[in-house]
Amino acid sequence: MEQIVRIAVQKSGRLSDDSLSLIKECGIKFYNGTGKLKSTSTNFPVEFLFLRDDDIPGYVADGVADLGIVGQNEVAEKDKEVVLLKKLGFSKCRLALAIPKGTPYEGLEYFEGKSIATSYPKILKNYLDTHQIKADIHEISGSVEIAPSIGLAEGICDIVSSGSTLMMNGLKEVEGIFNSEAVLIAHPQLSDWKKSIVDKLLFRINAVQTGKSNKYVLMNVPNAALPKIISLIPGMRSPTILPLAEEGWSSVHSVLSEDQFWENMDELRAAGAEGILVVPIEKMVI
Ligand code: ATP
Ligand code: MG
C-alpha cells in the first residue's frame, strides 16, 4: 500500500492562502507551482490535491483523499460521511437570510410561502424545517445576491462576512442561520499508519494554534513589586526572573494569552512594571 497521506485543499479561492500558510507553519514543505493539481511534500509523508472546494467533502468521503481542508458550510451542505478533526479558525463566515432593504421584516414567518434563492439548499431546508417554515427553495450556483432584483426570488440565503455585498445589491440580512469556519476533515476509516501521520499533523497544528493565541511578554520590574507581578502573570509554569544590570530591578518573562494580557495591562503598570514588550510566539507545545 502506498505510504502517503493525501490532503485535499482548495485550488484557488478564499480558503487557499490560509490553508497553505497553515501547512507551511506546520513545517511541511512542498512545491506549489501555478496550475499544479498535485504536489508531494519533500519532508513529510503527505501529498496535496488542489481541488474546487465543493468537491473536497466527497473526495474525502470516498477515500480519494484522506484529509481535506474546507469550510463547514460545504461539509454540511454536501452531507457526506466524513469526520471533523479540527476547527482551523480561518475563513470565518456565516450563512444568512437576506431580503430587499426596504421590505419590513418581523420574523421568520416572513418567508412562509416565499421563494428563496441559494447555493445551500440542504442547510436552508434543514433550518426552515426546524422552524416549521415552508418556502420555495431555488437552487442557483452563484451570483445569488442578484436574484431578488431580477424577480427570481423574494429572499436569498448566502454567505455573508462583512455584509457589503448584500448592501451593494440592495439587500439586508435578517437571520443568521449557520456559522462556518475552515475545518480539517478526514475519511472515516484510515489505516493505523495514516492515523499516526494524522496525529503528527494535528500535534503540529495545535502547536501553531496555541502559539498564535499566546504572547511572550517581557517587562522590567522593581524587585519590591515582584510578588504582585508574579501573581498577575502566572505563565506556563511560572515566570522567568532575571536580574537587570541596575541594582534592585528584574526582567520578568512570561507567556500570556493575548486577552489575559490586555486585561492585566493596567494592573501590571500600576504595580510598577515598565518597558513591557509583547512578542509573537511561532509555535508552542504545552
Ligand atoms: P471554488 O472555485 O473552489 O468552488 P468558491 O467560489 O465556491 O470556490 P470561495 O468564494 O473561494 O468558494 O469560498 C470558499 C469558502 O470560504 C466558502 O465555502 C466559505 O467557507 C469561505 N468563505 C466564503 N466567503 C467568505 C468570506 N467573505 N469571508 C470568509 N470566508 C468566506
Ligand atoms: Mg465552490
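Quick caveat, the model's predicted, so the values are computed rather than measured.

> Which parts of the structure should I look at to understand the sheet that holds strand E15 (residues 274-280)?
By way of backbone hydrogen bonds, the strands of a sheet pair with one another, either parallel or antiparallel. The four strands lie next to each other as E13-E14-E12-E15, forming an open sheet whose pairing is antiparallel. The open sheet is flanked by strand E13 (240-243) and E15, the only strands paired with a single partner. Going across the sheet, the axis of each strand differs from the next one's by a mean of 20°, ignoring polarity. The pairing of strand E12 (residues 214-222) with strand E14 (residues 249-257) spans nine bridges and is antiparallel. What sits directly across from Leu218, in E14, is His253. Sitting on the sheet, helix H6 (residues 192-213) touches E12 and E14, and the angle it makes with E12 is about 40°. Against the sheet, helix H8 (residues 258-270) contacts E12, E14 and E15, and its axis sits at roughly 150° relative to E14.

> Looking at this structure, I do not really get the sheet that holds strand E1 (residues 5-10). What am I missing?
Strand order in the open sheet formed by six strands is E2-E3-E1-E4-E11-E5, with mixed pairing between adjacent strands. One side of each edge strand has no neighbouring strand; the edge strands of this open sheet are strand E2 (38-40) and strand E5 (83-87). On average, adjacent strands in this sheet sit at an angle of 25° to one another, irrespective of strand direction. Relative to the sheet, helix H1 (residues 16-25) contacts E1, strand E3 (46-51) and strand E4 (67-71), its axis offset from that of E1 by approximately 145°. Packing of H6 onto the sheet brings it into contact with E1, E3, E4, E5 and strand E11 (182-186), and relative to E5 it is tilted by some 25°.

> Please explain the site of ligand 1 as it appears in this structure.
The local shell around ligand 1 holds 14 residues, among which Gln10, Arg14, Arg52, Asp54 and Asn73 are the closest. The backbone of Arg14 places a nitrogen or oxygen atom 2.7 Å from an oxygen atom of ligand 1. Taking Asp54, its side chain carries an N or O atom lying 2.7 Å from an oxygen atom of ligand 1. Protein contact buries 77% of the 640 Å² of open area that ligand 1 shows by itself. Class assignment of the residues belonging to the shell around ligand 1 gives a composition of three nonpolar, six polar and five charged. Inspection of the shell around ligand 1 shows a minimum of three residues originating in each of domain 1 (5-91 + 181-211) and domain 2 (93-180).

About the thresholds
- Per chain, residue numbering runs from 1 following the sequence as it is written.
- A letter from A marks each chain and a number from 1 marks each ligand, given out in the order of writing.
- This being a predicted model, a pLDDT of at least 70 is required before a residue's local features are given, and a value of 80 or more before pairs of side-chain atoms are given or counted; all residues contribute to the totals for chains, interfaces and linings.
- Hydrogens and waters are ignored; side-chain quantities use all the structure's heavy atoms.
- Note on pairing: two strands pair once DSSP finds at least 2 bridges between them.
- The helix and strand labels rest on DSSP assignments: H or I over at least four residues marks a helix, E over at least two residues marks a strand, and numbering proceeds from the N terminus.
- Here an angle of 0 to 180 degrees is reported between the N-to-C directions of two axes, which are lines fitted to C-alpha atoms, with helices fitted over the stretch in contact.
- Should any heavy atoms of two residues lie within 4.5 Å, those residues are considered in contact.
- We call a residue near a given molecule or strand whenever any one of its heavy atoms falls within 4 Å of it.
- In the analysis that follows, any N or O atom pair within 3.5 Å is treated as a polar contact, provided that within protein one partner can donate a hydrogen and the other can accept it, and provided that, for residues neighboring in sequence, both atoms belong to side chains.
- Surface accessibility follows the Shrake-Rupley procedure with a 1.4 Å probe radius. Residue values consider only the protein chains on display as shielding.
- Side-chain classes are defined by residue name, with Ala, Val, Leu, Ile, Met, Phe, Trp, Tyr, Cys and Pro counting as nonpolar, Asp, Glu, Lys and Arg as charged, and the others, Gly among them, as polar.
- Where each domain starts and ends follows an automatic or database-derived domain assignment.

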